[in-house]
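Structural features, examined
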Amino acid sequence: GWQIDLSTSLLVSLFVVVIICLFLCERVIRGFIGWPGWISTNWQARRKHGGERALGLGMVAFAAGDFKVARRQARKAEKLLGAGVLPDLLSAQAAHASGDNRAATRYFTALSKEDDTAYFGYIGLMRLNHENGRIEESVRHARAALSLQKDSVPAAAILLDQDLTRQNWVGAYKKAELLAKHQEDGLGPRDSELLAAHVCLMIADQKKGGPARREWLVRASTYVDRLTAPALRCAEDEQANGKKRQAIKTLENAFKVLPHTDYLSALSEITDDNDGQFVSRIGSLAKSSHRPDEGYLMMAWAALDRRIWASASAALERVSLEGQTNQFFLLKARLSEVGGLETSEIFGNSEESLKKAAVSPRGAGWFCAHCKVCC
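Described in the following lines is the structure provided in the data block. Model, not experiment: these values are computed from the prediction.

Further remarks concern unusual backbone geometry. Phi is positive for glutamine 167, close to 60°, though the residue is something other than glycine. Its location among the elements puts glutamine 167 in the loop between helix 8 (153–165) and helix 9 (169–181). Residue classification places glutamine 167 among the exposed residues on the basis of a relative accessible area of 56%. Its identity as a non-glycine residue notwithstanding, arginine 307 has a phi of 60°, on the positive side. Mapped onto the fold, arginine 307 is located in the loop between helix 16 (292–305) and helix 17 (309–317). Residue classification places arginine 307 among the exposed positions, given a relative accessible area of 61%.

Below is the structure:
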């Protein structure tokens, strides 16, 4: 029979307190249940952070040349992060740099067994074996790397050396062609286009004649325009087959691309021109040449050899200011000496020209990259 009265504000307050208590209990229960996972997550995060720091320090040590510290940090990173691309790669590079070939081989072998790192593993094994003189093993790993990545420049360079040693010119050409494609990217070796051109010449020399030989000679000329051998050999073949006019045309086209004394001598031997006609022919070629200044210097040279002073003088007068190299002033000096009073009045005495030749830019010429001597 009791009647209890409760104010609305107190009822709302009790309801809020009950909700808060239930919420706190739920958090406590969830935290208690998830406590092992929280500890595991934090532990893994600390290991990952420590492994990444060790990996970074190892790379810094490797770049600085301290390979001992790099190997120690690599082992620490591998312990904290487990097997992975970066820890394995750092371990392999540090072992290789410190001279531990067995450890480097082990790490590179492990990389080669994974699909996403197999190529890099083979490249590492290739270089390691090549440095230790195991050529056959190096070539085997290079072929494996090239099968995975068709445009591998390091693998192609190793296989090119092997093909050149064995005089496998066709195989060498395929590798040289690949290296020439990447030369502009800075990946291929220097002058790989020149090497490809020379390999084409070697293949052409193996052909007895006909379209196959000419095809390889033309291919050689497409790589390097300063190589005179392809056009000279094409002209020789054409002349041997009774195609004299075509041989002259081949030499003239080559002269237009690159005015050179080789073409000048070949044209002098193959044409039936008299001295005046020959100098006039060279002048016409120089006018339509890609390098007219060099062409007019060749014309002046030919005219001086044939003692045609007027043509030599006219050729030198057509040379632009940019083309007035030491060769230009040497020809002027020669013309002043042998051309008589008339040319001396036009070009001055030879001593003045020789002084200018000494301080003028050097013209195009052959330069040996091995002995560093102009020839």
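On to helix 11 (residues 211–223). For helix 11, which comprises 13 residues, the first-to-last C-alpha distance of 19 Å matches the rise-based estimate of 18 Å (1.5 Å per residue) to within 8%. Those residues of helix 11 not exposed but buried are Arg213, Trp216, Leu217, Ala220 and Tyr223. The buried residues of helix 11 occupy one face: seen down the axis, they fall within an arc of 115°. The exposed set on the far side of helix 11, more than 90 degrees from its buried face, consists of Pro211 and Thr222.

A complete count under the given rule lists zero disulfides for this structure. Cysteine cysteine 21 shares no disulfide, and the gap to the nearest cysteine sulfur, in cysteine 25, comes to 6.5 Å.

What follows concerns helix 10 (residues 192–206). The end-to-end C-alpha distance of helix 10 is 21 Å, a good match for the 21 Å that 15 residues give at a rise of 1.5 Å each. Three or more residues of helix 10 are buried, namely Ser192, Ala196, Ala197, Val199, Cys200, Leu201, Ile203 and Ala204. As for helix 10, its buried residues are in contact with helix 8, helix 9, helix 11 and helix 12 (229–240).

This next bit is on the packing of aromatic side chains. In the structure shown here, the tally under the stated rule is four aromatic pairs. For the ring pair tyrosine 119 and phenylalanine 120, a centre distance of 5.3 Å and an interplane angle of 70° mean the geometry is edge-to-face. Between tyrosine 173 and tryptophan 216 the ring centres are 5.1 Å apart and the planes differ by 90°, which places this aromatic pair in the edge-to-face class. Of this pair, tyrosine 173 sits in helix 9 while tryptophan 216 sits in helix 11, placing them 43 residues apart in sequence. By the burial criterion, tyrosine 173 is buried, and tryptophan 216 matches it. Every member of this aromatic cluster is reached through a ring pair, and the members are Tyr173, Trp216 and Tyr223. For arginine 219, the ring lying beneath its charged end belongs to tryptophan 216, and the centroid distance is 4.3 Å.

About the thresholds
- The numbering scheme is per chain: residues are counted from 1 as the chain's sequence reads.
- Thresholds applied to this predicted model are a pLDDT of at least 70 for local features of residues and 80 or more for the giving and counting of side-chain atom pairs; totals over whole chains, interfaces and linings are not thresholded and use all residues.
- In computing side-chain properties, one takes all heavy atoms of the structure into account and sets aside hydrogens as well as water.
- Put simply, DSSP marks the helices as runs of H or I at least four residues long and the strands as runs of E at least two long, and each gets a number from the N terminus on.
- Under the scheme applied here, a residue whose accessible area is under 20% of the maximum for its type counts as buried, over 50% as exposed, and between as partly exposed, the area being computed with a 1.4 Å probe on protein chains only.
- To estimate how far a helix should extend, the number of its residues minus one is multiplied by 1.5 Å.
- What the arc describes is the spread of directions from the helix axis to the C-beta atoms.
- Note that a disulfide, as used here, is simply two cysteine sulfur atoms within 2.5 Å.
- Note on contacts: a residue pair is in contact if any heavy atoms of the two residues lie within 4.5 Å.
- Each aromatic pair joins two rings of Phe, Tyr and Trp (for Trp, the six-membered one) with centres within 6.5 Å, and gets the label stacked for planes under 30 degrees apart, edge-to-face for over 60, and tilted for any other angle.
- Placement of a positive charge over a ring is assigned whenever Lys NZ or Arg CZ falls within 6 Å of the ring centre and within 35 degrees of the normal to the ring plane.

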